[in-house]
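Topology and contacts: notes
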Amino acid sequence: MKKWLFVLLTSFLLAASLPPLAPQASTYLLTTADTTIYTPASAGQAAILTPIPARTNVKVIEEQETRIRVSWQGVNGFIAREYLLIEENDQIDSSGSYIQLETDAELLEKQNGTYVKTGRLLAGEVFRKAGSENGYVSFVFGSTTGYVAETAVTYLTEASLTGGVQPGTAYKNRAITQKTVDLLYSKNGTLTSIGRLQAGVALDTRAAYRDYYIVDIGGRTAYIRKTDVTLYTGNYVDPFKTMTYKQMVQDLKELVLWHPDIASLDVIGKSVDGRDLYALKLGTGKEEILVNASHHAREHITTNVVMEMVDQYAHLFKTNGSMNGYAARSILQKASIYFVPMVNPDGVSLVQLGANSAKNKAAILKLNGGSSNFSAWKANIRGVDLNRQYPADWKNICCDPGKPSSQNYKGPMALSEPESKAMHDFVLKHSFKTSASYHSSGQIIFWHFYQSGARKSRDLALAKKVSRKTGYSLVAARSNPSGGGFNDWFIQNEQKPGVTIEVSPYIGNRPVPIIYFSSIWKQNDSIGLMLANEKIQ
């Protein structure tokens with residue numbers, strides 16, 4: 001017995017004296033074809049099959065005889081071994097500072113946390129490594145980061161990076177590829193490709209040389225033909241023409257493409273007719289501001305105002321410029337402005353394009369009394385006024401016609417419409433310190449909804465700043481406001497200031513003519529930056 005106690009004690013002391021085992025590096029495998037991840041049934045939940053595309057890196061959790069348990073984007077389950085690229089090398093040595101491609105490999109960029117293919121790099125090429133994550137190797141690609149699958153590379157401790165590119169003349173700008181383009185260098189006097197980029201890829205130039213721009217990639221430089229790319233100009237919104245839903249979506253996507261460092265686009269819901277409701281985030285700061293427009297169909301000039309704000313502010317951020325004393329870059333590094341430029345796309349399309357824009361043409365014509373003239377329409381496509389939909393004294397809204405109409409009908413219940421519900425839910429997911437809703441017309445500002453005491457003083461002070469900038473009159477605080485409006489609910493629910501800004505001189509029940517835009521813009525151009533710059537307690 002004493003002998004066994006001695007052996008056990010000796011073993012324990014020996015184990016305690018040994019250094020701890022180093023954590024094992026995570027293992028990743030590549031899917032060889034489109035397949036599915038099988039998650040078994042558990043705790044009353046049915047089994048799930050999650051589609052996963054070919055050439056996707058997955059993290060290995062456990063190996064079994066015919067299948068492997070993996071983890072991918074929060075999904076944990078099994079993939080059959082036949083759908084995974086399993087090589088016999090024991091462990092990848094990732095200690096080298098350089099990588100060489102063993103095979104042609106997809107060039108990836110990270111967009112909203114997802115690795116997205118943007119091109120392909122050719123076998124044999126060598127690049128300087130920047131890091132590694134999730135089974136991918138990263139390297140510098142212009143002002144962003146490029147990735148290739150770790151399974152496609154060999155690590156090198158030493159390497160000579162190929163030259164073959166003239167230094168050129170310094171020229172920094174952002175470019176977007178118009179078609180599939182080659183990344184080139186001169187090899188023995190012949191232009192040779194190191195890889196190709198897809199159409200629509202944004203990259204930053206560092207210099208120009210004859211017919212080429214020069215870009216950075218993995219510690220090297222490469223040529224791209226000038227004729228293959230479009231250069232950044234900083235003017236992507238035309239506010240002097242009617243802004244249709246289709247044009248707005250095109251402009252939003254282009255703005256995000258040119259400004260991926262500060263702009264991102266989300267769909268926050270869908271309209272009655274199934275149109276996506278977009279919110280564009282501009283800025284990298286933690287403080288959040290909300291600016292929205294076109295709750296009312298005929299008031300679509302407000303979309304022009306908000307879209308021009310996005311375009312101008314993004315350009316000022318890129319060029320480190322200012323507007324009316326507001327330094328865009330400084331402000332947008334501490335705050336983020338969320339723009340919802342068209343809350344009511346079905347209604348706006350109805351006013352601009354007529355009944356043919358609606359899914360149910362006959363129903364909307366009947367609702368309009370048989371008339372094909374929708375210029376006075378304010379409501380959504382179901383005849384519900386979206387700015388009378390919010391749960392702020394909704395039951396007591398005045399002047400309700402009691403049935404679907406071109407204006408003023410508050411709906412069968414608060415938030416009955418998908419557009420107002422989307423805005424309501426969007427606000428609850430964020431912590432906006434203030435909100436601005438753009439409407440037309442009358443050159444007035446609503447700001448009050450039952451605030452009192454310090455909150456009333458705070459909100460009035462902000463409203464006065466907006467008034468001084470725009471030249472618009474403040475609507476006096478009333479003891480019994482109608483309610484149901486977006487900012488009524490925002491003020492009441494979020495306990496933060498909200499302003500409803502009515503642009504343009506009063507022009508009656510019709511869209512504001514585009515000729516008014518110049519004066520409207522001059523009055524409102526820096527409102528978003530002003531609100532983002534405010535200290536709201």
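Residues numbered from 1 in each chain as written. Predicted model: local features only at pLDDT ≥ 70, side-chain atom pairs only at ≥ 80, totals over all residues. Heavy atoms only, no water.

**What to know about the overall build of the protein chain**
Looking only at helices and strands, the protein chain has 11 helices and 32 strands in total. Expressed as lengths along the three principal axes of its C-alpha atoms, the size of the protein chain is roughly 90 × 80 × 50 Å. Across the 537 residues that make up the protein chain, the buried fraction comes to 49%. Residue pairs at least 24 apart in sequence account for 68% of intrachain contacts in the protein chain once pairs closer than 6 positions are excluded. Taking the average location of the 57 positive side-chain charges in the protein chain and that of its 47 negative ones, the two points are 7 Å from each other. (Helix = DSSP H or I, 4+ residues; strand = E, 2+ residues; numbered from the N terminus. Buried < 20%, exposed > 50% of the residue type's maximum accessible area, 1.4 Å probe, protein only. Contact = heavy atoms within 4.5 Å. Lys, Arg positive; Asp, Glu negative; His and termini not counted. Charge placed at Lys NZ, Arg CZ, Asp CG, Glu CD.)

**With respect to the side chain of T50**
As for its position among the elements, T50 is in strand β3 (residues 48-52). Leave out the neighbours within four places in its chain, and T50 touches T35, T36, I37, W72 and V75.

**Concerning the sheet that holds strand β24 (residues 276-282)**
Sheet architecture is open: eight strands sit in the order β23-β24-β28-β25-β29-β32-β30-β31, paired in mixed fashion. On the outer flanks of this sheet lie β23 (263-270) and β31 (473-474), each paired with one strand and no other. Of the strand pairs in this sheet, strand β30 (residues 444-446) and strand β32 (residues 498-503) are connected by three bridges, and their pairing is antiparallel. Each residue of the ladder has a partner; that of I445, found in β32, is I501. On the sheet, helix α2 (residues 245-258) packs against β23 and β24 and is oriented at approximately 35° with respect to β24. (Pairing = 2+ DSSP bridges. Axes fitted to C-alpha atoms, helices over the stretch in contact; angles between N-to-C directions.)

**Brief notes about helix α8 (residues 453-470)**
Here α8 is 18 residues long and its end C-alpha atoms lie 26 Å apart, about the 26 Å a rise of 1.5 Å per residue gives. Looking one or two residues beyond α8, the residue adopting positive phi is G471, at roughly 80°. (Expected span 1.5 Å × (residues − 1).)

**Overview of the packing of aromatic side chains**
Inspection of the entire model under this criterion finds 21 aromatic pairs. With 5.1 Å between their ring centres and 40° between their planes, Y212 and Y223 make a pair best called tilted. Of this pair, Y212 sits in strand β20 (residues 212-217) while Y223 is found in strand β21 (residues 220-225), placing the two residues 11 residues apart along the sequence. We classify Y223 as buried; its relative accessible area is 5%. With a centroid separation of 6.2 Å and 20° between ring planes, the pair formed by Y390 and W489 is classed as stacked. You can see Y390 sitting in the loop between α6 (361-367) and α7 (418-428) and its partner W489 sitting in helix α9 (residues 486-494), a full 99 residues away along the chain. Across from the ring centre of Y232, 5.0 Å away, lies the NZ or CZ of K318, which sits over that ring. (Phe/Tyr/Trp six-rings, centres within 6.5 Å; stacked < 30°, edge-to-face > 60°. Lys NZ or Arg CZ within 6 Å of the ring centre and 35° of its normal.)

**Overview of the sheet that holds strand β15 (residues 153-156)**
The strand order across the open sheet formed by three strands is β11-β8-β15, and the pairing between neighbours is antiparallel. Of all strands in the sheet, those bounded by a partner on one side alone are β11 (126-128) and β15. If you compare each strand with its neighbour and ignore which way they point, the axes differ by 30° on average. Across four bridges, the pairing between strand β8 (residues 98-101) and β15 is antiparallel. Directly across from L101, in β15, lies its bridge partner V153.

**Quick notes on the nonpolar core**
M248, L280, L282, Y313, F339, Y438 and I501 are the most contacted members of the largest nonpolar core, which has 64 residues in total. Here this core gets 10 residues from one element, more than from any other, and that element is helix α3 (residues 301-319). Beyond its immediate sequence surroundings of up to four residues, Y313 is in contact with L282, M323, A328, L332, I337, F339, D525, S526, I527, G528 and L529. Judged by nonpolar contacts, the second largest core, of 33 residues, contains L121, A152, V153 and I224. (Core = buried A, V, L, I, M, F, W, Y, C linked by side-chain atoms within 4.5 Å.)

**With respect to the environment of S435**
With respect to the element layout, S435 can be found in strand β29 (residues 432-440). Residues S435 and G498, 63 residues apart in the sequence, show an inter-C-alpha distance of 4.6 Å. For S435, the contacting residues outside a window of four places in its chain are L290, N292, F486, N487, F490, P497, G498 and V499. A polar contact is formed between the side chain of S435 and the side chain of N487, at a distance of 3.0 Å. (Polar contact = N/O pair within 3.5 Å; in protein donor to acceptor, adjacent residues only side chain to side chain.)

**A few points about the state of the cysteines**
Taken as a whole and judged by the stated rule, the model has zero disulfides. C399 supplies the cysteine sulfur nearest to C398, a cysteine that is in no disulfide, at a spacing of 3.1 Å. In this structure C399 comes out as exposed when scored by relative accessible area, which is 59%. (Disulfide = S-S within 2.5 Å.)

**Quick look at the confidence of the model for the protein chain**
Here the protein chain averages 91 in pLDDT, while 93% of its residues score no lower than 70. Per-residue pLDDT stays below 50 along residues 1-25; that stretch engages in one contact with residues further than four places along the chain or on separate chains. (pLDDT = per-residue confidence, 0-100.)

**Things to note about the packing of α7 against α9**
Taken N-terminus to C-terminus, the directions of α7 and α9 make an angle of 25°; their axes are 12 Å apart at the nearest point. The angle between α7 and α9 places the two elements in the roughly parallel class. α9 is crossed by α7, and the crossing has right-handed handedness. Only F486, W489, F490, N493 and E494 of α9 make contact with α7, whose side of the interface consists of M423, H424, V427 and L428. (Parallel < 35°, antiparallel > 145°, perpendicular 65-115°, else oblique. Left-handed = near helix turned anticlockwise from the far one by under 90°.)

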